[in-house]
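Observations on the model geometry
This is what each chain is made of:
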Protein chains: 2
Amino acid sequence: MDFPTVGVIGAGQLARMMVPPAVDLGITLSLFAGSPTESGAQIAPHTVGSLADQEAVLQWARRCDVVTFEHELIPQELIEAISATGVKVFPTASSFLFSQNKLAMRQKMQELGLPNPVWQAYEGGEVSINYPLIAKSVSGGYDGRGVFIINELEELQTLHERVGQKLLLEEKLSFDFEIAIMVARSPQGQAATWAPTLTVQRNGICTETVTPIPNFSPALAAQTVQIALQIARGIDLVGVMAVEIFVVGESLIINELALRPHNSGHWSIEGAVTSQFEQHLRAVLDLPLGDTSLVAPFAVMGNVIGVETDKSPDLYKPYLHLMARIPGLKIHQYMKELRPGRKVGHVTLLGEDLLHLRSEVSHAVDYLSGAIDE
Amino acid sequence: MDFPTVGVIGAGQLARMMVPPAVDLGITLSLFAGSPTESGAQIAPHTVGSLADQEAVLQWARRCDVVTFEHELIPQELIEAISATGVKVFPTASSFLFSQNKLAMRQKMQELGLPNPVWQAYEGGEVSINYPLIAKSVSGGYDGRGVFIINELEELQTLHERVGQKLLLEEKLSFDFEIAIMVARSPQGQAATWAPTLTVQRNGICTETVTPIPNFSPALAAQTVQIALQIARGIDLVGVMAVEIFVVGESLIINELALRPHNSGHWSIEGAVTSQFEQHLRAVLDLPLGDTSLVAPFAVMGNVIGVETDKSPDLYKPYLHLMARIPGLKIHQYMKELRPGRKVGHVTLLGEDLLHLRSEVSHAVDYLSGAIDE
């Protein structure tokens, strides 16, 4: 095989962040983008088209050695159709389903004997979970969208009518904190996990991650790794996957799966020998996986999230202040328009002093997003 | 200033390796390339043209916020002409001269009171240096090209006639080893050095670097840093510069300067918090410089150099073997045709056990270049 072309459906920041490792390894990326102005399309070769235009997608896919995804909103039939042309697609449609359909995911975790919250499907009828409970869209939700707290049956019925499709109901857990673990797996079945990560959420959006998780018992860390490896094997993962987990005392309960590079793994760009983006390319190309060791005692990642402001936002100007203040800060710009609640970049800081790292990262993201002036 | 565009004259692997940090920081690169197939032009926005076509260069330069270089073969008049349009050019023509003209460099080091070998200009006439001596083309030489060992006057006269221009003569030093240090400096005068690097040469080409230098006394390391900072200030450097140095006992003698990212700084991509490529962009954009600390006890870099072979070379196929053998190996492909003596890529390995790192890097580059089969 000469140097291969990896096709990526989607051209957002996750596709953008595949560019640096692709450059290093000599791998050609080809994005299937909705628009040439998308984060990844700005800097990588791409074809602009609609996923509704199956023929256009297949024509593009035939020029790739392998096709993968950077978001979940890809019809199963399209994945099957690409696969039918003979072009390899990873994750496969049957694996990717668990990233797309929360009911299928819950069912699969149950089959694998892995810890779910109490859950049920709902399409009217009996509810066996105590209120308040969580109702989720079966597909399409992320960053807190499509997730609802339900206090009584009437509220649930109204939501169900509005959504117009089956819902997943889950018990509302009183968890201690939320974590995530990234795992990679190749077609040959080689698998590797990174250190489990603390994910700090605000309004359902991850604002910060800390890796490794402070004060996390070795037993729980080992159990987290075991769960990730068991899911990866159980769903025949190829590529990288994030497993989001609730920690309740000494118990771990699976929250969600994302079969793609994920926000909770961004720290690995500088914080691990092999980043999730390089690893994803290696996995889908059936290359041996890279070393996932941390390169520092702690890696703290903060998301730059747009705030409500009447100032004209300038994400470059803060460089002068921030780079002078924190010479080790690694800034990642997605080159997306700053809008309230939108992730437009992230920063990572490595070191030993966790309190210092977290306070500097917090300052940096607030300063970049325009939430503070100094 | 919104997100800026950095223009780079040249589109080889040094321009290519500026792409990842530019992507992260949201900086647009615009290369002035000799051909669209050059290493950097393959993956970055570029204009194809000839440096002899001054109007084409100026037209391209006017679309950039700052212009910089990735090689030395750029006429001084062209640099001056770009500068005259009002577009910032870093390094400036007067600084860059010391990277282009070895006689001017020697003269400047002498003015700065820095340690030169015994040297003289030669355009016929008296020779006051003992034979054997070194004769160098004043401009245009690199990787051992343009450097000649001269045993007697007649040989020198023949060379002078053949070269047809002034020569720089230098004493032939019996040095213990060769080192290099990278230094960055911004227009405001902020400067930062990385750890001094051992550069292992074979036939005048650097094959391997080890950072920091093993068994190098703290006093010599401090002196190396002092020399680099003094040169940077003395020539009003803006950007990054490599200072190549001979170590003779406890003395340091300056060999060459390169005012651009340099092979001896490639280790910094994974081995330092801020790579030479990111730092160069920060410096020419007058941004605060990044942390140059090492992230591991040792960083070993090996160049992949083409060998004479009758096999059809495939630089991708070795990935299967190498990635499985050394999961922490970082491979950089320049996507250049493999030709004997040509640098087509490099690998970097971080760790503690220097013997192990060096033997793995040596195996990796031999395996990639096709010099060995297993």
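Parameters and conventions
Residues numbered from 1 in each chain as written. Chains lettered and ligands numbered in written order. Predicted model: local features only at pLDDT ≥ 70, side-chain atom pairs only at ≥ 80, totals over all residues. Helix = DSSP H or I, 4+ residues; strand = E, 2+ residues; numbered from the N terminus. Rg over C-alpha atoms; globule rule 2.2 N^0.38 Å. Buried ≥ 20, exposed ≤ 12 C-beta atoms within 10 Å, placed from the backbone. Contact = placed C-beta atoms within 7 Å. Arc of directions from axis to C-beta. Domains from an automatic or database assignment. Least-squares fit on C-alpha atoms with pLDDT ≥ 70 in both. Pairing = 2+ DSSP bridges. Axes fitted to C-alpha atoms, helices over the stretch in contact; angles between N-to-C directions. Nonpolar A, V, L, I, M, F, W, Y, C, P; charged D, E, K, R; others polar. pLDDT = per-residue confidence, 0-100. Parallel < 35°, antiparallel > 145°, perpendicular 65-115°, else oblique. Left-handed = near helix turned anticlockwise from the far one by under 90°. Core = buried A, V, L, I, M, F, W, Y, C linked by C-beta atoms within 7 Å.

Overview of the overall build of chain A
The number of helices and strands found in chain A is 12 helices and 18 strands. For 374 residues, the compact-globule estimate of 2.2 N^0.38 gives 21 Å, and chain A sits close to it at 20 Å. Dimensions of chain A along its principal axes, counting C-alpha atoms only, are 60 × 50 × 45 Å. Here chain A holds 374 residues, and the buried ones make up 48% of them. Put simply, 64% of the contacts in chain A that link residues at least 6 apart link residues at least 24 apart.

A few points about helix H6 (residues 102–111) of chain A
Residues that lie three or four places apart on an α-helix share one face, since the helix turns once every 3.6 residues. Residue and element names in this part refer to chain A. Buried residues of H6: Lys102, Met105, Arg106 and Met109, and no others. All buried residues of H6 lie within an arc of 100° about the axis, which places them on one face of the element. Elements in contact with the buried residues of H6: helix H5 (93–100), strand E6 (119–122), strand E7 (133–137), strand E9 (167–171) and strand E15 (251–258). Phi turns positive one or two residues past the end of H6, at glycine 113, with a value near 70°.

Considerations on the domain arrangement of chain A
Each assigned domain of chain A is listed with its residue range as follows: domain 1 (5–89), domain 2 (118–171), domain 3 (174–295) and domain 4 (297–374). If you average the C-alpha positions of domain 1 of chain A and of domain 4 of chain A, the two centres end up 29 Å apart.

Digging into the relation of the copies chain A and chain B
Expressed as a screw operation, the relation of chain A to chain B combines 0.0 Å of axial shift with a rotation of 180°, fitting to an RMSD of 0.0 Å. On this basis, the relationship between the two copies can be described by a two-fold rotation axis. No C-alpha of chain A approaches the rotation axis more nearly than that of Pro20(A), which lies at 2.3 Å.

Details of helix H10 (residues 276–284) of chain A
Residues and elements named next belong to chain A. Most of H10 sits out of view: 9 of its 9 residues are buried. Of all the residues in H10, the buried ones are Gln276, Phe277, Glu278, Gln279, His280, Leu281, Arg282, Ala283 and Val284. Once H10 ends, the next one or two residues include aspartate 286, with phi positive near 60°.

A closer look at unusual backbone geometry
Residues Thr211(A) and Pro212(A) are joined by a peptide bond in cis, for which omega reads -10°. Looking at where Pro212(A) falls in the secondary structure, it is placed in the loop between strand E13 (205–211) and helix H8 (218–234). Going from Tyr131(B) to Pro132(B), the amide bond is cis rather than trans, its omega being -10°. Position of Pro132(B) among the secondary structure elements: in the loop between strand E6 (119–122) and strand E7 (133–137). A positive phi angle, near 50°, is found at Asn203(B), a position not held by glycine.

Examining the sheet that holds E6(B)
Residue and element names in this part refer to chain B. Ordered in space as E6-E9-E7-E8, the 4 strands form an open sheet in which the pairing is antiparallel. A single partner strand is all that each edge strand has here, and the edge strands are E6 and strand E8 (147–150). Going across the sheet, the axis of each strand differs from the next one's by a mean of 30°, ignoring polarity. Of the pairings in the sheet, the one linking E6 to strand E9 (residues 167–171) comprises 4 bridges and is antiparallel in character. Each residue of the ladder has a partner; that of tyrosine 122, found in E9, is leucine 167. Across the sheet, helix H6 (residues 102–111) is in contact with E6, E7 and E9; its angle to E9 comes to roughly 50°. Each of E6, E7, E8 and E9 touches helix H7 (residues 153–163); the most contacted strand, E8, lies at about 155° to it.

Description of the sheet that holds strand E5 (residues 88–89) of chain A
Residue and element names in this part refer to chain A. Across the sheet, which stays open at both edges, the 5 strands sit in the order E3-E2-E1-E4-E5 with parallel pairing between neighbours. The open sheet has two free edges, formed respectively by strand E3 (46–48) and E5, since each of these has just one partner strand. As paired strands, strand E1 (residues 5–9) and strand E4 (residues 66–69) are joined by 4 bridges and run parallel to one another. Its bridge partner being in E4, glycine 7 is matched across the sheet by valine 67.

Here we look at the environment of His280(B)
Along the chain, the position of His280(B) falls in helix H10 (residues 276–284). Here the alpha-carbon distance between His280(B) and Leu322(B), two residues 42 residues apart in the chain, equals 31 Å.

A look at the interface of chain A and chain B
Taken together, the contact between chain A and chain B spans 32 residues of the former and 32 residues of the latter. Elements supplying a minimum of two residues to the side of chain A that touches chain B: helix H2 (19–25), helix H11 (318–325) and strand E17 (330–333) of chain A. Here the side of chain A that touches chain B gets 5 residues from one element, more than from any other, and that element is H2(A). Taken together, the residues of the side of chain A that touches chain B sort by class into 21 nonpolar, 5 polar and 6 charged.

Here's the deal with the environment of Gln188(B)
Residue and element names in this part refer to chain B. Of note, glutamine 188 is situated in the loop between strand E10 (177–185) and strand E11 (191–193). The class for glutamine 188 is exposed, based on 12 C-beta atoms found within 10 Å. Glutamine 188 sits 126 residues away from aspartate 314 along the chain, and the two C-alpha atoms are 46 Å apart.

A closer look at the confidence of the model for chain A
This prediction gives chain A a mean pLDDT of 95; 98% of its residues lie at or above 70. ipTM for the predicted complex: 0.95, alongside a pTM of 0.96.

A few points about the packing of helix H3 (residues 54–61) of chain B against helix H4 (residues 76–84) of chain B
All names here are of chain B. Packing of H3 against H4 brings their axes to within 10 Å, and their N-to-C directions diverge by 40°. Judged by the angle between their axes, H3 and H4 are oblique. Taken as a pair, H3 and H4 cross one another with a handedness that is right-handed. Taking contact as the criterion, the partners of Gln54, Val57, Leu58 and Ala61 in H3 are, on H4, Leu78, Ala81 and Ile82. When its residues are assigned to classes, the contact of H3 with H4 shows 6 nonpolar, 1 polar and no charged.

Details of the nonpolar core
Ranked by internal contacts, the top residues of the largest apolar core, which has 204 residues, are Met241(A), Val243(A), Met241(B) and Val243(B). For Met241(A), the residues in contact, after removing those within four places along its chain, are Val183(A), Ala232(A), Leu257(A), Ala258(A) and Leu259(A). Formed by 10 residues, the second largest nonpolar core is a distinct cluster that contains Ala135(B), Leu156(B), Leu167(B) and Leu168(B).

Focus on the environment of Glu270(A)
Residues and elements named next belong to chain A. Looking at the element boundaries, glutamate 270 is found in helix H9 (residues 268–271). Each C-alpha atom of the pair glutamate 270 and proline 21 lies 12 Å from the other, and the pair is 249 residues apart in sequence. Once residues within four sequence positions are removed from consideration, glutamate 270 is found in contact with Ala299, Lys330, Thr348 and Leu350.

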